[in-house]
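# Topology and contacts: notes
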Amino acid sequence: MELVNPAGPPLKNLSGQEKRLIESVAAGVVIEFNQSVVIRSELIAHLVKESYKGWPVKSGIRMSGATITGYLDLEGCHCKSVLALTNCHFEDDINLFGFSIQQLFLLDCTFKGKFEGSYLRSHVLNLNGSSFDDNATLTGATLIGSLSVCEAHFLTGLSASHLTAATVDLQGTSAQGVTDLSDARVKGDLRIHNAQLGKAESGGLYARGASVGSLSINNSTLTGSVDLTGVQVSGDVNLSSCNVDSFSLYLSHAVIHGTISIRNISGSNILLWLDKLTVDRDIDLLDFTEAMSCSVFMDASRIDGSLNVQRIRVDFINAENACVGGNVLLSGVFASEVNMPGMTINGSLDMCPFMVHKLLDKEAGINSIPLVDLSGARIAGNLSLNPFTNTLGSSAGASGPLQRRGAPLVATFLTAPILLRALILDRAIIEGQCHLVDGQFPEHDNAESDGKDAEVLSRISAVDAQFHRLIMPATCPAGVVDLSNASADSYEDFSSGWPRRVLHCGKRKQSEEISDTCSIVLNGFVYRHLVNPRGTADVDNDGITPVWSARLLWLDSQPGCDLVEHFKPQPWSQLAKTLLLEGYEDDARRISIERRVSYRYSKGPRKAERAVSSILHLLADYGYNPWKTIVWCIVFIAAFGGIFHVASLNCLEPGCHDATVYVPVVAGDVVTSETGDIAKIYPAFGAWHYSLDLFIPIFDLGMESYWHANTAYKYPISMGDGQTVPISVGLLLDWLSVIERIFGALMVALSISGFTGLLTRGD
């Protein structure tokens, strides 16, 4: 139905300037006023609505420099042309609720009242340079093109939730309140450059649930929060060269199909909430100023690319159960605590160097040194502690410049070691190389720490962990290194990293107290290959130390409960087994012997068992050295033979045929009528032959069966003054023969069991 116009204009008493505006709109030209010119909002509304045919609109309304009074109500209107107002001053509210227009330009305008633009529809909305003293609302607005609010100022913030636009540009924008883009749909870029968002402890940018092509916040001042919870970004998220204050960035549950880059941040404090985040590419946290304190929360996040944290100060990082598809690099980082339990890293984890506040603040104490928790983590690549070795300008494993203006952080790192308070690898799986050789675990020097902290200070805990190759620190950690029930395909360590606590058990007293302040727990530790068996040890400074002697110091560095209270044989057996497979047979045998010795000096065996153990060690090295038993057999045979020989010197006839000391046992069997002289056919007594025959009970060597000690023989010993005391030497020799038979039976049995391996079968 065609609009019926009133007989006259809808507004009376038009001023001269208002008439000029009507004429310019009809001519399609821009009219310029100064702000002393007052234009009624009703006239603007009638022109936009084209409700009066007497006021034709050729190509839109273009005006500059006027003051617009009254409530401008364009709610639900539809305009086919352009509304372009520049440097205008609105004294009252403006209502664009549901307003539809081709293009809307409100440039360098000031709005004293409310700006209501909810559900506005336009190709382009440009608010560049405008100032809003009251609420500005664009909730649900739909823009086929862009929303541009460059150099604009929002005193109470901008509400643009559920906005739809091709791009959103907030370059140079200032907003003291909240800039709300929650659930917005931006197909292209959301750009925030040279902006100032938020005020002290309030305000910020809210874009919860938004969907954007890419997001970049550069060279801006941010106070409060940037809440991107649940946001979906088709491209990258870039936050760089910003100054922040009491700042929090929320990216929880967000889905980023590109890269997250947060770099060159200055200010006082920043919290990064990245938990349950999904990123298709990398996350870069780079080059924060030294004064910046940062905390990162990444629990249950998934990063398909790499995680790079370089040259920043971090109070703590939480990444529990996070998953990283590439590498994790912690380079030039100040941190006190890093929690990554259950984390999955499909690349490598490099810390080069992972640094410490203590270098800058001596009073900070041990609690400022990083504690790294990787319990239950899985690393497909390597875990490395690599210090900086290059000169200023490049870093090992780091990318980008080492120094920049306002960030002198890196210069501190160049000559610093990698200090850790504790490294927890319980139940971790590291499929590559765990390279800890450059790590240092200093002593606890903060007396105010509680007992719970002292239990984990300066140690490595790898209970039930699995390694492809484990390389231990070259310097001794000032605490407990717990490798119980861990496993490694290859194990490499260095004697400089072994605790020097006590002498070997064979040289200490059973009651001696053993300090476990610095020790290595090896019970249950399994390894297939020992890369550095000798540990480059030179214990006695006498050339090359034997492997077993060097490794004995390593085994003796175990806690006292595993050496004395309840002896644990597994570490000794494991070492002997590995050395044997690597061709160190003698060293493996010595370690097995020392295992038995260590057990003997523990509190486990009884006195009788300890005595038997001592005898077995003395005579046969517990069966590992049967030739030692043979030597002892020879010694026994010679010793008894010497005694028998000295006694035979008292015989009146050579060969003892006079039966003074030794009696021919079978003499009656050899005396015949033809001979009558026994000496001619009876074998003479041989002391060493006799001793050998007694010692070996298996065979008859033809001496014991012919001779026996004369138990009636007594040797007189002069007591002076012509008095003598007879000594029953014959009876003593008889008992010595019995003792030698017993010794011989035991020693022969011990020799046989040693050569056949019966004693060592349990090993």
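Residues numbered from 1 in each chain as written. Predicted model: local features only at pLDDT ≥ 70, side-chain atom pairs only at ≥ 80, totals over all residues. Heavy atoms only, no water.

### Topic: the overall build of the protein
Each helix and strand in the protein was counted, giving 12 helices and 63 strands. Put simply, of all contacts in the protein between residues at least 6 apart along the chain, 46% involve residues at least 24 apart. (Helix = DSSP H or I, 4+ residues; strand = E, 2+ residues; numbered from the N terminus. Contact = heavy atoms within 4.5 Å.)

### So, the pattern of salt bridges
Counted under the stated rule, the structure contains 15 salt bridges. Across the pair Arg 551 and Asp 493 runs a salt bridge, and its minimum N-O distance is 2.6 Å. Of the two residues, Arg 551 is situated in helix 4 (residues 547-555) and Asp 493 in the loop between strand 57 (487-492) and strand 58 (519-521); the sequence distance between them amounts to 58 residues. For the pair Arg 551 and Asp 493, a shared accessibility class is recorded, and that class is buried. Measuring nitrogen to oxygen at the nearest pair gives 2.5 Å for the salt bridge that ties Asp 586 to Arg 589. (Salt bridge = Lys/Arg side-chain N within 4 Å of Asp/Glu carboxyl O. Buried < 20%, exposed > 50% of the residue type's maximum accessible area, 1.4 Å probe, protein only.)

### Looking at the packing of aromatic side chains
Applying the stated criterion across every chain, the model contains 26 aromatic pairs. For the ring pair Phe 132 and Phe 154, a centre distance of 4.7 Å and an interplane angle of 5 degrees mean the geometry is stacked. With Phe 132 in strand 13 (residues 131-132) and Phe 154 in strand 17 (residues 153-154), this residue pair connects regions lying 22 residues apart in the sequence. Of the two residues, Phe 132 and Phe 154, neither departs from the other in class, the shared state being buried. Ring plane angle 65 degrees and centroid distance 5.9 Å describe the contact between Tyr 662 and Tyr 690, whose orientation is recorded as edge-to-face. Here Tyr 662, found in strand 60 (residues 662-664), pairs with Tyr 690, found in helix 11 (residues 687-695); they are 28 residues apart in sequence, far enough to count as distant. (Phe/Tyr/Trp six-rings, centres within 6.5 Å; stacked < 30°, edge-to-face > 60°.)

### Here's the deal with the state of the cysteines
Taken as a whole, this structure holds one disulfide when the rule is applied. Covalently, Cys 651 is tied to Cys 656 through a disulfide, its sulfur atoms 2.0 Å apart. Handedness of the Cys 651-Cys 656 disulfide follows from its S-S torsion of about 75 degrees: it is right-handed. This pair shows no difference in class: Cys 651 is buried, exactly as Cys 656 is. With no disulfide of its own, Cys 88 lies closest to Cys 109 among cysteine sulfurs, the gap being 4.8 Å. (Disulfide = S-S within 2.5 Å.)

### Some thoughts on the pairing of strand 55 (residues 466-471)
Where strand 52 (residues 429-435) and strand 55 come together, five bridges link them in parallel fashion. Within the sheet, the bridge partner assigned to Cys 434 lies in strand 55 and is Leu 470. As paired strands, strand 55 and strand 57 are joined by five bridges and run parallel to one another. In the sheet register, Leu 470 faces strand 57, and the bridge partner there is Tyr 491. (Pairing = 2+ DSSP bridges.)

### A closer look at the packing of helix 9 (residues 626-648) against helix 12 (residues 729-756)
Geometrically, a packed helix pair is captured by the angle between its two axes and the distance between the axes. The N-to-C vectors of helix 9 and helix 12 enclose an angle of 165 degrees; their axes lie 9 Å apart at closest approach. Taken together, the axes of helix 9 and helix 12 lie roughly antiparallel to each other. Between helix 9 and helix 12 lies a crossing whose hand is left-handed. Each of Pro 626, Trp 627, Thr 629, Ile 630, Trp 632, Cys 633, Phe 636, Ile 637, Phe 640, Ile 643, Phe 644 and Ala 647 in helix 9 lies in contact with helix 12, whose residues at this interface are Leu 733, Leu 736, Ser 737, Ile 739, Glu 740, Phe 743, Met 747, Leu 750, Ser 751, Gly 754 and Phe 755. (Axes fitted to C-alpha atoms, helices over the stretch in contact; angles between N-to-C directions. Parallel < 35°, antiparallel > 145°, perpendicular 65-115°, else oblique. Left-handed = near helix turned anticlockwise from the far one by under 90°.)

### Topic: a nonpolar patch on the surface
Judged by side-chain polarity, Ile 698, Phe 699, Leu 701 and Ile 752 come together as a nonpolar surface patch covering roughly 390 Å² of accessible area. With respect to the helices and strands, Ile 752 occurs in helix 12. (Patch = residues over 30% accessible without salt bridge, like charges linked within 9 Å, V, L, I, M, F, W, Y side chains within 5 Å. Areas by Shrake-Rupley, 256 points an atom, 1.4 Å probe, with all protein chains shown as cover.)

### What about the environment of Ser 220?
Within the secondary structure, Ser 220 sits in the loop between strand 26 (211-218) and strand 27 (221-227). Residue Ser 220 is classed as buried on the basis of its relative accessible area of 2%. For the pair Ser 220 and Gln 171, spaced 49 residues apart in the sequence, the C-alpha separation amounts to 9.1 Å. Those residues in contact with Ser 220, other than ones at most four positions away along the chain, are Ile 192, His 193, Asn 194, Ala 195, Ser 241, Cys 242 and Asn 243.

### With respect to helix 9
The end-to-end C-alpha separation of helix 9 is 33 Å, in line with the 33 Å expected for 23 residues at 1.5 Å each. Of all the positions in helix 9, only Pro 626, Thr 629, Cys 633, Phe 636, Ile 637, Phe 640, Gly 641, Phe 644, Ala 647 and Ser 648 are classed as buried. Against the buried residues of helix 9 lie helix 8 (607-620), strand 60, helix 11 and helix 12. (Expected span 1.5 Å × (residues − 1).)

### Quick look at the packing of helix 9 against helix 11
Taken N-terminus to C-terminus, the directions of helix 9 and helix 11 make an angle of 130 degrees; their axes are 8 Å apart at the nearest point. Put simply, helix 9 runs oblique to helix 11. In terms of crossing hand, the pair formed by helix 9 and helix 11 is right-handed. Here Cys 633, Phe 636, Ile 637, Ala 638, Phe 640, Gly 641, Gly 642, Phe 644 and His 645 of helix 9 come into contact with helix 11, specifically with Ala 687, Trp 688, Tyr 690, Ser 691, Leu 692, Leu 694 and Phe 695. Class assignment for the residues of the contact of helix 9 with helix 11 results in 12 nonpolar, four polar and no charged. (Nonpolar A, V, L, I, M, F, W, Y, C, P; charged D, E, K, R; others polar.)

### Quick word on helix 1 (residues 16-27)
Taking 1.5 Å as the rise per residue, helix 1 with 12 residues should run 16 Å; its terminal C-alpha atoms sit 17 Å apart, in good agreement. For helix 1, the set of buried residues is Glu 18, Leu 21, Ile 22, Ser 24 and Val 25. The arc enclosing the buried residues of helix 1, seen along the axis, measures out at 165 degrees, which places them on a common side. Close packing links the buried residues of helix 1 with strand 1 (31-32), strand 2 (38-40), helix 2 (41-49) and strand 3 (61-64). Where helix 1 ends, the next residue or the one after it, Gly 28, has phi of about 75 degrees, a positive value. (Arc of directions from axis to C-beta.)

### Concerning the environment of Arg 121
Along the polypeptide, Arg 121 turns up in strand 12 (residues 121-126). Given a relative accessible area of 47%, Arg 121 falls into the partly exposed group. Sequence separation of Arg 121 and Leu 143 is 22 residues, and the distance between their C-alpha atoms is 5.8 Å. Residue contacts for Arg 121: discarding those within four places in its chain leaves Phe 99, Ser 100, Ile 101 and Thr 142.

### Thoughts on the confidence of the model for the protein
For residues with low pLDDT, the predicted coordinates do not support detailed interpretation. Overall, the predicted model of the protein reaches an average pLDDT of 83, with 84% of residues at or above 70. Here residues 356-366 is modelled with pLDDT under 50, and outside its nearest four sequence neighbours on either side it reaches 31 contacts, counting other chains as well. Low pLDDT, under 50, characterises residues 507-511; the predicted model gives this stretch 12 contacts beyond four residues in sequence or across chains. (pLDDT = per-residue confidence, 0-100.)

### Quick word on the side chain of Asp 373
Examined against the element boundaries, Asp 373 turns out to sit in strand 47 (residues 371-373). Lacking a salt bridge, the buried Asp 373 has Arg 427 as its closest oppositely charged neighbour, with an N-O distance of 6.7 Å. Of note is the side chain of Asp 373, whose polar atom sits 2.8 Å from the side chain of Ser 375. Ignoring any residue separated from it by four or fewer positions in sequence, one finds Asp 373 in contact with Val 338, Asn 339, Met 340, Pro 341 and Ile 424. (Lys, Arg positive; Asp, Glu negative; His and termini not counted. Polar contact = N/O pair within 3.5 Å; in protein donor to acceptor, adjacent residues only side chain to side chain.)

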